[in-house]
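Structural description and commentary
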There are 2 protein chains.
Amino acid sequence: MQTGLSANAALRTILDATPVAPSETLPVSAAVGRVLAAAVESTRRLPPHDNSAMDGYAVRSADLRHASADRPGELRVAYEIPAGGRADRAIEPGEAARILTGGPVPPGADAVVRQEDTAIDGDRLRVFVEPAPREHIRDAGEDVEVGDRVLEVGDGIGPAEVGMLAALGRSVVSVHQRPRVAILSTGDELVEPDQPVDGGRIVSSNSYSLAAQCRELGAEPIYLGIARDTPIAVEELFRGGLSADFLVSSAGVSVGDRDFVRGVLEKLGCALVFWGVNIKPGYPLAFGRFEHGGPLVFGLPGNPVSAMMTFEQFVRPALRKRMGHRCLFRPTLRATLTEDLRKKAGRLHFVRVELERRDGGVFARSTGNQSSGVLRSMTRAQGLLIFPAEETAIVAGETATVQVIDPEFFASDSSGF
Amino acid sequence: MQTGLSANAALRTILDATPVAPSETLPVSAAVGRVLAAAVESTRRLPPHDNSAMDGYAVRSADLRHASADRPGELRVAYEIPAGGRADRAIEPGEAARILTGGPVPPGADAVVRQEDTAIDGDRLRVFVEPAPREHIRDAGEDVEVGDRVLEVGDGIGPAEVGMLAALGRSVVSVHQRPRVAILSTGDELVEPDQPVDGGRIVSSNSYSLAAQCRELGAEPIYLGIARDTPIAVEELFRGGLSADFLVSSAGVSVGDRDFVRGVLEKLGCALVFWGVNIKPGYPLAFGRFEHGGPLVFGLPGNPVSAMMTFEQFVRPALRKRMGHRCLFRPTLRATLTEDLRKKAGRLHFVRVELERRDGGVFARSTGNQSSGVLRSMTRAQGLLIFPAEETAIVAGETATVQVIDPEFFASDSSGF
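How each quantity is defined
- Residues numbered from 1 in each chain as written.
- Chains lettered and ligands numbered in written order.
- Predicted model: local features only at pLDDT ≥ 70, side-chain atom pairs only at ≥ 80, totals over all residues.
- Axes fitted to C-alpha atoms, helices over the stretch in contact; angles between N-to-C directions.
- Helix = DSSP H or I, 4+ residues; strand = E, 2+ residues; numbered from the N terminus.
- Parallel < 35°, antiparallel > 145°, perpendicular 65-115°, else oblique.
- Left-handed = near helix turned anticlockwise from the far one by under 90°.
- Contact = placed C-beta atoms within 7 Å.
- Least-squares fit on C-alpha atoms with pLDDT ≥ 70 in both.
- Nonpolar A, V, L, I, M, F, W, Y, C, P; charged D, E, K, R; others polar.
- Pairing = 2+ DSSP bridges.
- Buried ≥ 20, exposed ≤ 12 C-beta atoms within 10 Å, placed from the backbone.
- Arc of directions from axis to C-beta.
- Domains from an automatic or database assignment.
- Bend = angle between axes of the 7 residues up to and from the residue.
- Core = buried A, V, L, I, M, F, W, Y, C linked by C-beta atoms within 7 Å.

1. Let's talk about the packing of helix α2 (residues 159–167) of chain A against helix α3 (residues 206–217) of chain B
Viewed as axis vectors pointing N to C, α2(A) and α3(B) meet at an angle of 160 degrees, and their least axial separation amounts to 8 Å. Looking at the two axes, α2(A) sits roughly antiparallel to α3(B). For the pair α2(A) and α3(B), the sense of crossing is right-handed. Between α2(A) and α3(B), the contacting residues are A:P159, A:A160, A:V162, A:G163 and A:A166 on the first element and B:N206, B:Y208, B:S209, B:A212, B:Q213 and B:E216 on the second.

So this is what it looks like as structure tokens:
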């Protein structure tokens, strides 16, 4: 087992151990937010026929040479093209066909004139313009031709993809499976949120924040509960998570007196790959894998901020890899500090910061008390500023890399138009 | 009824008519993604007690004046503080208490020494450092004091908020209700995706892309189906959506021959506020409201791109306002064009663009055919470039405002550390 890894080495180790999830076939509307596991080729043309871009009349452009407001062309309206149907005969010279937007252009016609450019009296149509050939006609296949590869492996399924798949008549689609993440915590001092906190008891809030972190990125959390501090209780709870893809435990995997977890994991066939990463908060992070199938195991620290932070930095990218995403990480930007930050060399610090956009740049200031027990440093944080391991000071006015963890930071208060 | 509005006037009209949703009380874990309708004040301190930041021993610092590796202080370990319990008596001069990380500091103690800085033999403890008062002690209430307002109206509920609410022992929370959006389309030519498209029939794909647009932003779509082109069929379908918050119809509300929808809406008590917005794609957008309660009504154009675009520009901000969000709009940025764009003056164009980050800037190029029937212009688009109504050219090298519609555009391919 390795210990005292750099953040980068820990991340690489975890990502190398994470396979992309197998595929499954889902109804399109249930696949929103998933990632395609197979490319989609079209078996249809879109649109299927030449069709009208306007409400008006399908015509033969040769019939309307030199037509104008002063010298209108005269045609006979032979029929109307029904919505959802098509003409049963071609239009002949001197004829027009009434057509609505989207209607299939009838044989014989090579242009559409807009209703506004005509006058109608019974079946006699006067046309005040000279249409160019193909005018106001949308070409069959201008969107998609048969055999076109319209979506690629790794494309995310959003609204436009749903519309495209529906238009192509696809009712199911092959996507990567959603990762199942078993979550548990260990500790005699922990209680559920609705239980009393007298004596030294504290609420097991980590399981709830971790489950929300899973949901936010589209993974499925499975909450196993709290294990009391005995090997039997810990083993029983861990066994309940062995069929998941990831098993995430908070507290318990440490060098403390109460650490049964490592022993239980070994008994179950899980070898710890590393324990301890040179970061703050979050040093006591453990990562293990089973030799013969089984979940990837993450032993997160017990402090609320440390648990969320190590999930954010190490579990989230691994889950995104498993889900088939191309980009695994949060948006990053360079921000200018508005205050001095100092620390000892040796560990990379993730400093919780509030962000402000002004003067064409982004400015960062600490959310205050950076203790790993202070959850408000997370509720207030829009970003995590990376204070590299070997640096000891970043002073006001200098820039640093910030991971943006609050998607609302990008939302705008104006439409842009 | 107004017509030919500017994009801005249409947006203002819609937002002015949109109320913020009433509140409801939900279990915290079901409230992820919602927006708080009432501030949260704490009835607890977090942490509840002074507690240890380390595994080690709680001591009286006065007992260890000048202690060092050469001249260790000597103490007797009086007891161990159990996890989830607390000491039943104070430590006396000359005593220490075994304590684990997070354990409540016993009465009498005013510092914690780390395990690494001690040696133990039976109950005799040698301490090799001189602790400062309060060293390695986390103060009770350093995160939250009783009465602190920890979350504000308008805060979104994400993982950190879930963790905070759990830690405070809150199992329910007051959030704005999720908008219900009834979706339907009208047209004899429309079929569901699994039905044949022979003749002039086309798939009613809009309902599916619109439902996905609702889901993506956290609203609840209710799909009513396809109304055939008769007043009775249209009225029946619209009646099914009257209890929703928004009613979104694609196609049908126009000046075409088949437009029964306006008549039906008037019969039901809905007055059209405007029809026609000077934008492309999406001119034939209608907006109506009921005089005495009832949904806001959006008649979107039938073309697939126009339907998605008008939802994006007008329905989405209104839904976000209703959900209680502070910022209603997509992220915007300035991008440099890599090609010339030209149009006639008069309508604001939303140009579907692909975006590329390079040389410290963002570059935009058209996704190709901008026809309102070409769905691939949407599946490929990461942004919508705003080509203002009165401008006729933006040439390569100039910048323009782009709305970023693909959240994955911000995702990063590196961790930042």
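Anyway, onward from the coordinates.
2. Overview of the relation of the copies chain A and chain B
When chain A is fitted to chain B, the residual RMSD is 0.1 Å, and the transformation amounts to a turn of 180 degrees plus an axial shift of 0.0 Å. Within this description, the copies of the chain are treated as partners about a two-fold rotation axis. Comparing interface residues between copies, 100% of those in chain A also sit at the interface in chain B, which points to an isologous, same-surface contact.

3. Concerning the interface of chain A and chain B
The interface of chain A with chain B comprises 93 residues on the first partner and 93 residues on the second. Mapped by element, the contributors of at least two residues to the side of chain A that touches chain B are α1 (7–16), β12 (149–151), α2, β16 (202–203), α3 (206–217), α6 (304–323), α7 (376–379) and β29 (399–404) of chain A. Among the residues forming the side of chain A that touches chain B, the class breakdown is 40 nonpolar, 33 polar and 20 charged.

4. So, the sheet that holds strand β8 (residues 111–114) of chain B
Residues and elements named next belong to chain B. What the six strands build is an open sheet, ordered β8-β5-β7-β6-β10-β9; its pairing is mixed. The open sheet has two edge strands, β8 and β9 (118–121), and neither has a second partner. When the angles between neighbouring strand axes are averaged without regard to direction, this sheet yields 35 degrees. The pairing of strand β6 (residues 73–80) with strand β7 (residues 95–99) spans four bridges and is classified as parallel. Across the sheet, R76 pairs through a bridge with E95, a residue of β7.

5. Examining helix α1 (residues 7–16) of chain B
Residue and element names in this part refer to chain B. Within the span of α1, buried status applies to A7, A10, L11 and I14. The arc that holds every buried residue of α1, seen down its axis, measures 95 degrees, which confines them to one face. On the buried face of α1, the contacting elements are β1 (2–5), β19 (270–277), β20 (279–280), β21 (286–290), α6 (304–323) and β25 (348–358).

6. Some thoughts on the sheet that holds strand β5 (residues 56–59) of chain A
Residues and elements named next belong to chain A. Spatial strand order, β8-β5-β7-β6-β10-β9: six strands in an open sheet with mixed pairing. Only two strands of the sheet have a single partner each, and these edge strands are β8 (111–114) and β9 (118–121). The sheet shows a mean angle of 35 degrees between the axes of neighbouring strands, direction not considered.

7. Some thoughts on the domain arrangement of chain A
Assigned domains of chain A: these are domain 1 (2–21 + 178–323), domain 2 (30–46 + 145–176), domain 3 (51–138) and domain 4 (332–409). For domain 1 of chain A and domain 2 of chain A, the distance between their C-alpha centres works out to 35 Å.

8. Observations regarding the environment of A:A182
Residues and elements named next belong to chain A. The residue A182 is located in strand β14 (residues 180–186) in this model. Residue class for A182 comes out buried when judged on the 23 C-beta atoms lying within 10 Å of it. Dropping the residues within four chain positions of it, A182 is found in contact with I222, L224, G240, G241, A244, L247, V248 and P295.

9. Comments concerning the pairing of β5(A)
Residue and element names in this part refer to chain A. As judged from the three bridges shared by β5 and strand β7 (residues 95–99), these two strands associate in the antiparallel manner. Among the inter-strand pairings, Y57 is bridged to a residue of β7, identified as R98. Judged from the four bridges that link them, β5 and β8 form a sheet pairing that is antiparallel. Within β8, the residue paired with A58 across the bridge is V112.

10. Details of α6(A)
Most pronounced at A:E312, the bend in α6(A) amounts to some 40 degrees. Among the 20 residues in α6(A), 18 count as buried, and that is most of the element.

11. Structural notes on the nonpolar core
Grouped together as the largest cluster of nonpolar side chains are 192 residues, with contacts concentrated most on A:F246, A:V248, A:L385, B:F246, B:V248 and B:L385. Every residue in contact with A:F246, bar those within four places of it in the chain, is listed here: A:P179, A:V181, A:P295, A:L296, A:F298, A:V315 and A:L319.

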